[in-house]
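# Summary of the model geometry
Given next are the chains, with one letter for each unit.
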Amino acid sequence: MTEFASAATRRKNSAARLAIGLLAGTMLAGMPAAAFAQDEDAATPSPAPAPATSQDGEAFVPTLAPAATAQQDVVQTIAISGAERLEPNTILSYIKLRPGDVWTQAAGDQVLKDLSATELFSNYSVTNDNGNVVITVVENPVINRIILEGNKRIKNDKILPEIKLSPRQIFTRSKVRADVARIIELYKRQGRFAATVEPKMVELSQNRVDVVFEINEGPKSKVRQINIIGNEAFSDGDLRGEMITKQARLTSFLSSNTSYDPDRLAFDQQKLRQFYLTEGYADFRVVSAVAELTPDKRDFIITYVVEEGERYKFGDVGVESRLRDFDDSAMTTRLPMKTGDWYDAKLVEDTVEQMTELAGTFGYAFADVSPEFRRNPEDHTMSVTFVIREAPRVYVERIDVNGNTLTQDKVIRREFRIAEGDAFNSLSVARSTARINSLGYFQENFEINQVEGSAPDRIILEANVEEQPTGELQLSAGFSSIENFILAGSIRQRNFRGRGQTVGLSLNYSRFSKSAQVSFTEPYVFDRNISAGVDIYRRDINSFNFRNNQRNTTFQQSTTGASLRAGVPLTEYISAIGSYTFNYDDVSLDESLYFSDRDGDGVASCDPLLASRYLCEAIGKRASSILGLTINYNTLNSRLRPTRGETLSVTGEFAGLGGDAKYVRARAKGSKFWPVGAGFIFSVTGEGGWIHSFENNAVPGQDNVRLTDRFFLGEPQMRGFDIRGVGPRIVRLQYLDDDGDDSTPRVLQTIDEALSGDRRVDDSLGGRAYYLGRAELEIPLGSGAREMGLRPSIFLDVGSLFDITQPVLQDYPNGLQATDGSGNLLFVQSGVGADGNPTVELVTSPVAPDGTVNPPSIIGGTYFREVFVGDSPSPRISVGVGVNWNSPFGPFRIDVAHVLKKQVGDDTKVFTFNVGTQF
């Protein structure tokens, strides 16, 4: 491998020209000047006159006069030698010398300069033979490929677009130097100031080369120390806490702000100034900010020199309005700052913003609100007068929608809460922005731009949108020892055909559960502010438990149904949605396991001694006709990722207008979001439900609300608990055979032993009431993590499911042995009859005459006792961390939860995740 050559060839040519010049001067010193003269009209040179002699008789050698030096060759021809790819005429076009020009040393140097400027040649020279100029060139090689070696932190697709060299281009040293500097700059932006780049060249045939950049990335240069000089009112730690740049410590390994960034250094100076201004130090300034790189180029030491100055208080504060709609004295009394309070520049800034928004609500779009300060250095007070200058009332001239290629204009325009020709209102514009953001069709943080119209009292509103994918594809797969393979998928388009319609299809499949649903929603029926939708679905669910370590299907529920809904807005933030749902349910049990002819009538029926009574109650086919009404209140600034606002939903359902079910059910859910500074988003959510049946079956141990109509609680509503993992349930405690003798009593499991096994035996019964509360804090990360789409959070979940009639429990202490009617247990005694055939008879003795043990006569072959647990309103509490990640293959959510409080029988789960994609 050959390193890039230097400019030695040019220096060698210059030295050769210098040597030739010296030799020519020596020769000229011994020859007469007339020997170089040439008669332009004669074909042959004129004879030279006899040399002059001095008085002592020696030959006289005259000094060349200036006129003699000016007599030089004229360029007759210019030839190119050594060109391979370039045409000679092309090379000639690069130089200024032309035939007929006088050849001089300066002309030859200019030719070399012209060739050098092209950067097309690795070597070049020019010679003159009596006016015949020959330019000899060696062309620069052609680049075959660019090779990057050693780059791990910055991939090829990030570096190659930034450099100038590329395959099939002419190799030049200046471009190589520029590319080396550019690559090093890329690494400096990542905080790797110790990065080095060594360019090398591999020569190939046909005058081609491979250019290799050997990169040594080096360590990331961290901020080792931040020193602050001159601060007295606040400690170094307080001031460092206000900065974006952080010191590299073991606890900051997840932060991207520990690397040095010049832009961040300038921003931190502004942060310091803002902090001091909010604390009353109006004269604060940063005298200097210096970042020093350690000799090993691994760390930076940043030193700030600050001058705090004196602390100020508010002096006289007031409002001077030149708008007729504002009263000076009334607005002065409403100012948030009072005379004598510590001066706060942020409070002044917020007040200006609030006054500007207030003026906007009165139609003054371009109202100028500016604070006028009067500083008194003697008593350290700062008087502020908020001046609202006169501005014309503004009207909306036009609303422009730009950038939408798929979404129809009307989908965007119908979300505006202000129309063309209306008086401008900043609140209406803000509300329109929030509604368009809530669609989820466009870029985050979309804003409506305000542009001056054709007249001072006219304004143009521009909605410059950037469409983003509105299709959602959710895919998940897993494997369970119980369910075997689990597959789930859903596809939804929230902006179908650009009309704002939502269509969706979801499918779920496993060995014991299957479901399918198709849905369609039209938000504006016939372009009127009325929404409508329909859902059609089918769900097949097999519930199960374990007996004797074997999985048994308890009941099978098949639900086929459809739901129609329509909604109308009541106010800007409140809407009403009516719905009608029809369900047809078919619940059945495995007859081979749970049916028997106990009454001897020849017809098998559900046996409550083999199946729990609540399972027998659920069997049957029935139809449900349900009317519902929901009232929604929503002020969220975004439907997908809200950061501010609140929502409340109250739903009432009545079943009984036809069908078999008769009940009333109520649900409520509300949430609120706050930005709490520095990018943190805090949210709280609460919900609850209650159901009451109008049926009264008067059967002991049987709840009036059917199993399929009750509430269930667990994953995904409450993290830290499994599906249907919270609430009332029946747990079966096994009678363990400790000695192998069926004639002796067995040992009963404790509840902890029954629930700690890999295959617990419990049946969730649901409840008639539940509540659930969540508190979550979304934590901002550095810029690198934000670019990756990572949004971690910590959460607290509190909830409970309760209120159900205690079912009739079963106890099989000896496998439900048969008796002789008087209470004596029967045992099976085997023998041989008179005919020699084996016989079996029921006896009351556990021991046969020959001393062998007679096994008990068992019905059902089970050994357990049922206990009822979990029916308590006492809260279950879980805490944990979660991460939302906009991964390359779609939205990804991971939750890790720890249960702080639970009830006996609750089924916990630590880790959950979900994954999908967008299109």
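Everything below is about the structure printed above this text.
Not measured: the values here are computed from a predicted model.

### Let's talk about the pattern of salt bridges
For the structure on display, the rule yields 37 salt bridges. Here Arg85 ties to Glu139 by a salt bridge, and the two come within 3.6 Å at their closest N and O atoms. A residue pair is termed long-range when its members are at least 10 positions apart, and Arg85 in the loop between strand 1 (77-81) and helix 3 (88-94) and Glu139 in strand 3 (residues 132-139) qualify at 54 residues. By relative accessible area, which is 35% here, Arg85 ends up partly exposed. Exposure remark for Glu139: the relative accessible area of 4% places this residue in the buried category. Taken together, the salt bridges that share partners define one network made up of Glu415, Arg417, Arg431, Arg435 and Glu572.

### Considerations on unusual backbone geometry
At His380, a residue that is not glycine, the phi angle is positive and equals roughly 55°. The residue His380 is located in the loop between strand 11 (368-376) and strand 12 (381-389) in this model. Classification of His380 as partly exposed rests on a relative accessible area of 25%. Unusually for a residue other than glycine, Arg497 sits at a positive phi of about 55°. Among the secondary structure elements, Arg497 is positioned in the loop between strand 17 (484-496) and strand 18 (501-509). Overall, the relative accessible area of 49% leaves Arg497 in the partly exposed class.

### A few points about the packing of aromatic side chains
Pairs of aromatic rings are described using the distance from one ring centre to the other and the angle between the two planes. One pass over the full model with this rule turns up 16 aromatic pairs. Aromatic pair Tyr441 and Phe442: ring centres 6.0 Å apart, planes at 75°, arrangement edge-to-face. Measuring from centroid to centroid gives 5.1 Å for Phe711 and Tyr770, while their planes differ by 55°, and the two rings are tilted. Residue Phe711 is located in the loop between strand 28 (681-693) and strand 29 (729-736), and its partner Tyr770 is located in strand 32 (residues 769-778); the two are separated by 59 residues in the primary sequence. Judged by its relative accessible area of 5%, Phe711 falls in the buried class. With a relative accessible area of 12%, Tyr770 lands in the buried category. Among the aromatic side chains, those forming a connected cluster through ring pairs are Phe234, Phe275, Tyr276, Tyr281 and Phe284. Across the ring face of Trp342, the terminal group of Arg311 is positioned such that the distance to the ring centre comes to 3.8 Å.

### Regarding the pairing of strand 11
Strand direction decides the pairing type here: strand 11 and strand 12, joined by nine bridges, are antiparallel. Along strand 12, the bridge assignment pairs Arg375 with Met382. Counted along the chain from strand 11 to the antiparallel partner strand 12, the turn is four residues long, and its residue His380 has a positive phi close to 55°.

### Here's the deal with the sheet that holds strand 5 (residues 196-204)
Here three strands make up an open sheet; going across it, the order is 4-6-5 and the pairing mixed. Strands at the two margins of the open sheet, each flanked by one partner only, are strand 4 (142-149) and strand 5. Across the sheet, the axes of successive neighbouring strands diverge by a mean angle of 20°, strand direction being ignored. Bridging between strand 4 and strand 6 (residues 208-216) involves seven bridges; their strand directions are parallel. Within strand 6, the residue paired with Ile147 across the bridge is Val212. Where helix 6 (residues 173-189) meets the sheet, its contacts fall on strand 5 and strand 6, and the angle it forms with strand 6 comes to roughly 30°.

### Quick notes on the side chain of Asn583
Along the polypeptide, Asn583 turns up in strand 22 (residues 574-589). Given the relative accessible area of 14%, Asn583 is considered buried. Within the structure, the side chain of Asn583 is placed 2.5 Å from the side chain of Tyr537, a separation counted as a polar contact. In contact with Asn583, not counting residues within four places along its chain, are Tyr537, Thr559, Thr560, Gly561, Ala562, Arg622, Ala623, Ser624 and Ile626.

### A few points about a positive patch on the surface
Residues Lys152, Arg153, Lys155 and Lys220 make up a contiguous surface patch of positive charge. Assignment of secondary structure puts Lys152 in the loop between strand 4 and helix 5 (156-159).

### Some remarks on a nonpolar patch on the surface
On the surface, Ile530, Val568, Leu570, Leu629, Ile631, Leu648 and Val650 cluster together into a nonpolar patch covering about 550 Å² of accessible area. The set of elements that each furnish at least two residues to the nonpolar patch consists of strand 25 (620-634) and strand 26 (645-659). Residue classification places Leu629 among the partly exposed positions, given a relative accessible area of 47%.

### Some thoughts on helix 10 (residues 345-361)
Between its first and last C-alpha, helix 10 extends 25 Å over 17 residues, near the 24 Å set by a 1.5 Å rise per residue. Those residues of helix 10 not exposed but buried are Ala345, Val348, Thr351, Val352, Met355, Ala359 and Gly360. Against helix 8 (262-278), strand 10 (313-321), helix 9 (328-333), strand 11, strand 12 and helix 12 (426-439) lie the buried residues of helix 10. Between the side-chain oxygen of the N-cap and the backbone nitrogen of Lys346 there are 2.9 Å, and the N-cap of helix 10 in question is Asp344. In the segment just after helix 10, Gly363 is the residue with positive phi, at about 95°.

Quick notes on the rules
- Residues numbered from 1 in each chain as written.
- Predicted model: local features only at pLDDT ≥ 70, side-chain atom pairs only at ≥ 80, totals over all residues.
- Heavy atoms only, no water.
- Salt bridge = Lys/Arg side-chain N within 4 Å of Asp/Glu carboxyl O.
- Helix = DSSP H or I, 4+ residues; strand = E, 2+ residues; numbered from the N terminus.
- Buried < 20%, exposed > 50% of the residue type's maximum accessible area, 1.4 Å probe, protein only.
- Phe/Tyr/Trp six-rings, centres within 6.5 Å; stacked < 30°, edge-to-face > 60°.
- Lys NZ or Arg CZ within 6 Å of the ring centre and 35° of its normal.
- Pairing = 2+ DSSP bridges.
- Axes fitted to C-alpha atoms, helices over the stretch in contact; angles between N-to-C directions.
- Contact = heavy atoms within 4.5 Å.
- Polar contact = N/O pair within 3.5 Å; in protein donor to acceptor, adjacent residues only side chain to side chain.
- Patch = residues over 30% accessible without salt bridge, like charges linked within 9 Å, V, L, I, M, F, W, Y side chains within 5 Å.
- Areas by Shrake-Rupley, 256 points an atom, 1.4 Å probe, with all protein chains shown as cover.
- Lys, Arg positive; Asp, Glu negative; His and termini not counted.
- Charge placed at Lys NZ, Arg CZ, Asp CG, Glu CD.
- Expected span 1.5 Å × (residues − 1).

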